[in-house]
Structures are given as C-alpha cells and as structure tokens.
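These are the residues of each chain, in order.
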Amino acid sequence: MSSSGTETSDVAEADDRERSTPLLELEDVHTYYGESHILQGVNLSVEEGEIVALIGRNGVGKTTTLRSILQLTPPREGTVRFSGEDVTGESTHEVADEGIGWVPEERRMFGYLTVEENVRVSVGPDQEYEALRDYVFELFPDLERFRDKEARNLSGGQQQMLAIARGMVGDNDLLLVDEPSEGLAPMIVDQVVDALREASAETTMVLVEQNFPLAMDLADRFYLLDHGTVVESGSTEGVTADDERIRRYLSA
Amino acid sequence: MTGVVAALATLVPALVPAALVQDAPLAIDAIGRLLQPGTLARIVIEGLGKAAIYFIIAVGLTLVFGLMGVLNFAHGAFAMLGAYLGGVLLVLAVSSGTGPITRVAFFVVVVAVVFALMTAFGSVLEVGLVRPIYDRTPMYQILLTFGVGLILEEGARIVTSVRGLQPEPSWTAAASTIPAPLESFHSILGANIRGFYLFAAIAGVAVAVSVWLFLNRTLYGLYIRAGSEDPEMVEALGIDVRKAFTIVFGLGTGLAAVGGVFLTWDPTWGASVLLNIDVLLYAFVVVVIGGLGSFKGTLAAAVIVGIADSLTTWLFNTGIVPFPGLPEVTVFALLVIALIVRPQGLYGVEEVGGH
C-alpha cells in the first residue's frame, strides 16, 4: 500500500531511512477524559508491515491510545507522529485522510445505511470506488449477499466483517483495530482472524485484543499497558499468559 | 384515548364541535356537506398546499436535529426573514402592470435569491455561533438559538417600523404581488380551489424530491445520513463532518426562508414579525409528530397537519364550528395526541443525533 521509493537512490539508503522512521510513534502521550488522567506518558512505535498488539486489563488505556492516535481524544501532552509527521492536534478527518483507518469497538456500523452504503462512505472521493468495493465483496461474500440490506440487520460477525472491510477500503497504511473478537462465537472469531490476516497483508496494524492467545497468535510484537503507561513490550514469539511478567498485569 | 379527547373537549368545547353533540340534524347536515366530492377535493388539495409550506420550513429543522442534535429555536426567525426579504424583492420587481406569468417567474427568481442569501447567512451563523457549543449540553444550544431568534425578530420589528412597513399584523404590499390566477378560485375536480394552494403543493413536491435526491443520490447526502447516526465515526473515516454541519445548517436556513417567501402569498399568513414564533411552533409540531430527525416523518406529518388545518379552516369558514381558533387548537391537539400515543413520532428512532 505504501511507496517504498527505492527506484532512484540506492537501496541501502532507503532501507536506512525506513528503519529510522517508524510508521507510527507515540512519545510521552498524556490523555485525559475531563479530569481523569488516562494515558500517563505512553511511548510506543510501530514499524511498517507489523501487527502490534496492545494488551492489558480493562481500563488501562488501550482504547484511549487508539483514540489519541486518531485525535478523537487529543492528547494534552506528548506527540503522535505518523509517517514521520507530527499529527498531534490535527482534526480527526485530516489524520484519517493521511492513511489511518479505525475498526472501532462494537463495530459502529451506520445501521440505517445499507451494507454497500457503509462501504461507500469509507471510500475517499478520489479513489476508485467500484474496484475497492468489488475487492472487499470478494473477500467477504456475506457482505455482497446482503449489500442492499440495512447494516443493523446483519449478525455480529457480519458487522465485524463490514467494519474491517470499511477499514480496508479507505486506502489506509495503518489500521487501528479495537476488540475485534468481542462478543463473537468461536467459529465466527476464526473468520474474523482470517479477515484480519488478509487485511494485514495490505496494511500495518495496531490491535487491541482481550483474548490473549489470539493477540499473541496474530501480532508480531506487543505492548503491555498498565495504569496508562507501557510496562512491558517485545516480540510475541513464545510468549504465553503464564509468563511471570505478563501474568502480573493480566490476572485480575 | 377517549379520556383524553373527553378532557380536551371539556377544556376546549369547540374542539369537539358542539353541533355534533347537541344538534343531530345540523351535524348530519355538516357531514353531508363535508362528504360532497367537491368539498373533500378542496380540503385535500388546500391541505396539500399548506402541507407543502410546512414541509419546506420544517425539513431544515429536522435535518439539523438529525445531524447535529441541535434543536434550532431560531428556525422560525429564518422563515420570517425570508418572508420580508422575499416580500421586499417582490414589491420592487412587481408593478401593477406585471402580468401573471411574469409575476410567477419573478417569484421563482426571488425564491432562488432568498435561498442563496439565507443559506449563506445560516452557514455564517453556524460557523460563528453554533459551532463553538456543539459539545455543551442542549440547554446552551436552546438558549443560543432562541436568543438569535429574538434578536432577529426585534431587528425586523425595528427595521419595519422605521421603514413604515407596518410589521403587524401583516404587511399587505407583499401579499398584493400575487398574480390574479393564484389569488382566485378555480374549478378543479368539481371543487373551488384557490390557485395559490395548487401552486404551493407543486412547489412542495419539487422541494421534497430535490431534498430526497440530495440525501439519497449524492455522496454528500450519504455523508449526512451517516453523520446523523454517528458523526464521530464519519470523521474517523476521513470526512470533515463539521463542513457537513455547516452545509446542512445553511441549507436548512435557506429552506426555512423559502417557506417564508411562500407565506407572503398565503392568504392565511403574510409577512409579519410574528412569523418568528408562529412558524416555529408549527414547524415543531410537524417534526415532533413525524419523529425528530426523520425526513420521511416530516413529510408525512406535514401532510397530516396540512389537511387537519384545511379541514378545520373549512369547518370554521362554513360556520359549522363558530370558533376562529379551531385550526390552531386542532394542530396542537394533534401534537398532544402524538406525544401521548407515539412520543418518538411516526418515523422517529428512540435515540437520534449521536451526541
């Protein structure tokens, strides 16, 4: 999805630049809801092509981190950089336009719009709408079958597919995915995981997920949050919930 | 339900026509006259004409509420400004020698000019005054818009008194620009119908179709419908939802003003500073009965209110119910009934406006 820009200069220099500029970088981000200090200095970075999981108990600031990246709840302190550019304080639609998609908690379908209209809203005015629509309809045949149905009539799993499809057609370099498996039957979760893998072939992904084994299975790296800060991070390789450094923060 | 009607009947005896209760032969006579095809056709067509104007005015109110969750109490003042602005332009354009077709053509041009000016005015108001308080409680929005309405009303009163336009009860110069064929009665379907109501009904259909096409057949309309459900999600999809707010508020203002221009030719209204509150009340009745935020509901409710209005006006004009307030009382009784039986309105959703 992104241009690597290696066609002119030498490859080594381009590689070097990619390594030095993460796709997404949060530096000492502090975010409040009114007087409640939710994020208390979050630092994290995401490289292009990665799937990064944000894990931690309820209420530690995972969703708030995603909202801070999109400037839906703008940080009061700290910096959010996307593709090397400081986006802190920009409007949400500008940040989204630069290539960040959001698959929010509870899907947030436009229930009174049809499935196809939900897809249409997500495609920018300068994009090839029909090609993108056909692409997601091919990925998710259920969506094509119910394209003229109002989205509120879809099942939970179908709504999740639509939410992911909506994130995929927006020509995004980064997808913020919040609790995709929440409230879904195990069989449906498998389909959602497949959809996420499909999406991750196209974009970098930050994934908030309560289901720990699922998060470890999907993601390359993880950040563990507690009380609004990152307390652990690293590769997901071989990490299990029994890990002492994880268990301490995840068990109730 | 019957209890409510009985209670209303005690409070307002004229609501349930006394003749119907006490004087059976007279009641039968009244029903007989009502059921004559000519009478029914007249009541329906005049009702549709009234409905058209109520719809043109109320549709902006309902779209603004649906998208932004703002109850705009300045909406009646926009119709009043439209009535004066349109009235002044018509008086300037039309002379006694102007023929009927030219008058109608002038009217169409005036409608376009008023719509453009008032859409711009509404957009400026939205950016300057309404935008800063979206995140506050509804009380702020009600106080602000009500205040704007009062300022516009007093402003209009000052200007019209200085200019000697006779602000109250209504300014007749604008009403007299109506071409003779619209003022007179025509025999259609065996009924005597005032030309103006047919004209208004056609205009109402044109406006309803245009608004429907805008909402359902354009990309921007899609953004607006999505924004009515969840503006934050629309914003997160890369769409500047604030711009949609400005456009909808502007268009709503423009449409209210266009409704005002029609009122200058309506024999029961006319341009007056009192339109601020009078029109606001009718518009609220229509959007509440239809369901706040619903386009379809506003259309259906406008037809119900328009026909109720024309039926009760006929009952009074024929002397069957000798109570001049009957049309108004009926319209508000409809509101009361709607609030009791179906508080969310005909097509309302329990919760509209994402914030």
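Residues numbered from 1 in each chain as written. Chains lettered and ligands numbered in written order. Predicted model: local features only at pLDDT ≥ 70, side-chain atom pairs only at ≥ 80, totals over all residues. Heavy atoms only, no water.

Describing the overall build of chain B
Then step 1. Across its full length, chain B carries 16 helices and two strands.
Then step 2. Within the span of chain B, comprising 355 residues, buried residues form 52% of the whole.
Then step 3. Across chain B, the fraction of contacts at a sequence separation of at least 24, relative to all contacts at a separation of at least 6, is 77%.
Then step 4. With the model as given, the accessible surface of chain B reaches about 15200 Å², and the carbon-plus-sulfur share is 71%. (Helix = DSSP H or I, 4+ residues; strand = E, 2+ residues; numbered from the N terminus. Buried < 20%, exposed > 50% of the residue type's maximum accessible area, 1.4 Å probe, protein only. Contact = heavy atoms within 4.5 Å. Areas by Shrake-Rupley, 256 points an atom, 1.4 Å probe, with all protein chains shown as cover.)

So, the sheet that holds strand S10 (residues 229-235) of chain A
Residues and elements named next belong to chain A.
Then step 1. Pairing is mixed across the open sheet formed by six strands, whose spatial order is S6-S7-S8-S3-S9-S10. Only two strands of the sheet have a single partner each, and these edge strands are strand S6 (100-103) and S10. With direction set aside, neighbouring strand axes in the sheet form an average angle of 20°.
Then step 2. Judged from the four bridges that link them, S6 and strand S7 (residues 174-178) form a sheet pairing that is parallel. Bridging from a neighbouring strand, Ile100 pairs with Leu174 of S7.
Then step 3. Running over the sheet, helix H2 (residues 62-69) touches strand S3 (51-55), S6, S7, strand S8 (204-208) and strand S9 (221-226) and is turned about 150° from S7. (Pairing = 2+ DSSP bridges. Axes fitted to C-alpha atoms, helices over the stretch in contact; angles between N-to-C directions.)

What to know about the sheet that holds strand S1 (residues 24-33) of chain A
All names here are of chain A.
Then step 1. If you trace the four strands from one edge of the open sheet to the other, you get S2-S1-S4-S5, paired in antiparallel fashion. If you trace the sheet from one side to the other, it starts and ends with strand S2 (36-46) and strand S5 (85-86), each paired once.
Then step 2. Where S1 lies against strand S4 (residues 77-82), five bridges are found, and the strand directions are antiparallel. Residue pairing in the sheet places Glu27 in a bridge with Thr79 of S4.
Then step 3. Contacts between H2 and the sheet are confined to S1, S2 and S4, with S1 contributing the most and set at about 110° to the helix.

Notes on the UniProt feature "transmembrane region" (unreviewed entry) in chain B
All names here are of chain B.
Then step 1. Per the UniProt record, "transmembrane region" (unreviewed entry) is found at residues 51-71, 78-98, 104-130, 196-215, 244-265 and 323-341.
Then step 2. Split by type, residues 196-215 is 100% helix and 0% strand. Its first and last C-alpha atoms lie 28 Å apart.
Then step 3. The span residues 323-341 is 84% helix and 0% strand, and its two end C-alpha atoms sit 27 Å from each other. (UniProt positions renumbered as here; feature names shortened; annotations may be inferred.)

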